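Listed below, chain by chain, are the residues.
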Amino acid sequence: MNKERLINEFIEMVKVPSESKSERDFALLLEKKLTALGFETMIDDSAEKTGSNTGNVLARLKGTTSAETVIFAAHMDTVSPGIGIDPIIDGDVIKSDGKTILGADDKSAIAAFLEAIRTIQEEGVAHGDIEVAFTTIEESGMYGAKNLDYSFLNGKTAFALDSGGKPGTVIVKAPAKKELRAHIKGRAAHAGVEPEKGISAIMVMADAISRMKLLRIDEDTTANIGRISGGTVTNIVAEHCDIVIEARSLIVEKLNLQVQHLVSCLEDSCTRFGAELTCEVESNYPPLNVPESSHALAIAKKAAEKAGFPFRATSTGGGSDANIFAGKGLDVVNLGIGMSNPHSVNEFIAIEDMVNTSKYIVEIIQTM
């Protein structure tokens, strides 16, 4: 690995803003870099469906052997605040100046991938076809992956580069997620003159919430209220109240039971108070549940051993593009790339982890 080149490319990339739905400048930069490395590239038409100002970047590097095709995936978008990033090299780590995120999630993965490709080309490493999917809007719902042009991809074995943990850490389980949006309609009345004639939608919602199982449900399942809004002014009994709740579980059956429980609490409270309920449940993404027989898992383990990295297969409570890829039928695992404190202004990446991620990618390519 050329460590200095890797660092410089990472710093170059994080300085290009790419908050969710605004990834176009970064996508064009990646398209240029991949083309220069000999990739066939395209930007798909997913922007029409996702609302981003660009589509996903897809690319293919023809192999020098008949080895199996491998897919690497990472996302181009970052969370906010991601404009005006000023990366600082502080000893063995790269961090932001504390005013923005750094963007190591997920640009450290992309920089490591590009360095891996340069390395195998410079050293003449034999390889099969290498395919790339750099996606949009992962951070706010994996919409790029959901609308990606999968007809471009010939490979079936995929490695997402988007998790915490040192290189050698492999995510094999991640939860499915559903989102519940509910609206309670009560009855307005003058709060000072005749409150008895009103039905407070806020009180109904409070009653329902008081009976909900929330936060950590069990070792597989969580649920959280993200937002509540309702009412207008203090002298009117609140006629309306809205709530948004998410539920996640590694076990789909448990997820369904948790959502049913949440809906039941809302229904029961509305019945008791005489209020009306409108409910919508959206499936955000399926679970990632990699079987022990997974070819991608076997490759990841063997490559880690060859690179000298401790191998650890584990689970996570967060979703990623890997969930979507699995739901589309790809044999996929999510690799740890060393990102630390993501989604915060305290985000940083150890330079050693970026170098080791590049080494890991090279070993995976050679192991296919």
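Scroll up a little and you will see the structure.
Residues numbered from 1 in each chain as written. Predicted model: local features only at pLDDT ≥ 70, side-chain atom pairs only at ≥ 80, totals over all residues. Heavy atoms only, no water.

## Considering the sheet that holds strand E4 (residues 88–90)
Link 1 in the chain: Ordered by their spatial adjacency, 3 strands build an open sheet running E4-E5-E17, and the pairing between neighbours is antiparallel. Edge strands, defined here as strands with exactly one partner in the open sheet, are E4 and strand E17 (348–350). The mean inter-strand angle of the sheet, taken between neighbouring strand axes irrespective of direction, is 25°. (Pairing = 2+ DSSP bridges. Helix = DSSP H or I, 4+ residues; strand = E, 2+ residues; numbered from the N terminus. Axes fitted to C-alpha atoms, helices over the stretch in contact; angles between N-to-C directions.)

## Some details on the state of the cysteines
Link 1 in the chain: In total, this model carries 0 disulfides according to the counting rule given.
Link 2 in the chain: Here Cys265 is not cross-linked by a disulfide; its sulfur's nearest cysteine counterpart is in Cys279, at 11 Å.
Link 3 in the chain: In this structure Cys270 is not part of a disulfide, and its nearest cysteine sulfur, from Cys279, lies 8.3 Å away. (Disulfide = S-S within 2.5 Å.)

## A closer look at the nonpolar core
Link 1 in the chain: By size, the foremost hydrophobic cluster in this structure holds 86 residues, and its most contacted members are Phe72, Phe113, Phe134, Phe159 and Ile364.
Link 2 in the chain: At 9 residues, helix H4 (residues 104–122) tops the list of elements feeding residues into this core.
Link 3 in the chain: Those residues in contact with Phe113, other than ones at most four positions away along the chain, are Leu34, Phe39, Phe72, Ile130, Val132, Phe134, Leu161 and Ile361.
Link 4 in the chain: In terms of nonpolar packing, the next biggest core, distinct from the first, is built from 23 residues, Ala176, Val204, Cys265 and Ala275 among them. (Core = buried A, V, L, I, M, F, W, Y, C linked by side-chain atoms within 4.5 Å. Buried < 20%, exposed > 50% of the residue type's maximum accessible area, 1.4 Å probe, protein only. Contact = heavy atoms within 4.5 Å.)

## Here's the deal with unusual backbone geometry
Backbone phi values are negative for most residues with the exception of glycine, while trans is the configuration of most peptide bonds.
Link 1 in the chain: Look at the link from Ser80 to Pro81: it is a cis peptide, with omega at -5°.
Link 2 in the chain: Position of Pro81 relative to the elements: it lies in the loop between strand E3 (70–75) and E4.
Link 3 in the chain: Residue Asp105 is joined to Asp106 through a cis peptide bond whose omega torsion reads 20°.
Link 4 in the chain: A positive phi angle, close to 80°, is found at Lys21, a residue other than glycine.
Link 5 in the chain: Within the secondary structure, Lys21 sits in the loop between helix H1 (3–14) and helix H2 (24–36).

## Here's the deal with the packing of aromatic side chains
Link 1 in the chain: In this structure the tally under the stated criterion is 6 aromatic pairs.
Link 2 in the chain: A ring pair is formed by Phe39 and Phe113, whose centres lie 6.3 Å apart and whose planes are at 55°; its orientation type is tilted. In this pair, Phe39 sits in the loop between H2 and strand E1 (40–43) while Phe113 sits in helix H4, placing the two residues 74 residues apart along the sequence. Residue Phe39 shares its accessibility class with Phe113, and that shared class is buried.
Link 3 in the chain: Between Phe309 and Tyr360, the ring centres sit 5.9 Å apart and the planes meet at 90°, which makes this aromatic pair edge-to-face. With Phe309 in the loop between helix H8 (295–307) and strand E15 (312–315) and Tyr360 in helix H10 (residues 351–367), the pair connects residues that are 51 residues apart, well separated along the chain. Pair check on accessibility: Phe309 and Tyr360 agree, each one buried.
Link 4 in the chain: Grouped by ring-pair contacts, the aromatic residues Phe39, Phe72, Phe113, Phe134 and Phe159 constitute a single cluster. (Phe/Tyr/Trp six-rings, centres within 6.5 Å; stacked < 30°, edge-to-face > 60°.)

## Regarding the pairing of strand E7 (residues 157–163)
Link 1 in the chain: Where burial is concerned, most of E7 is hidden: 7 out of the 7 residues are buried.
Link 2 in the chain: Summarising the sheet, E3 and E7 pair through 4 bridges and their orientation is parallel. Directly across from Ala73, in E7, lies its bridge partner Ala160.

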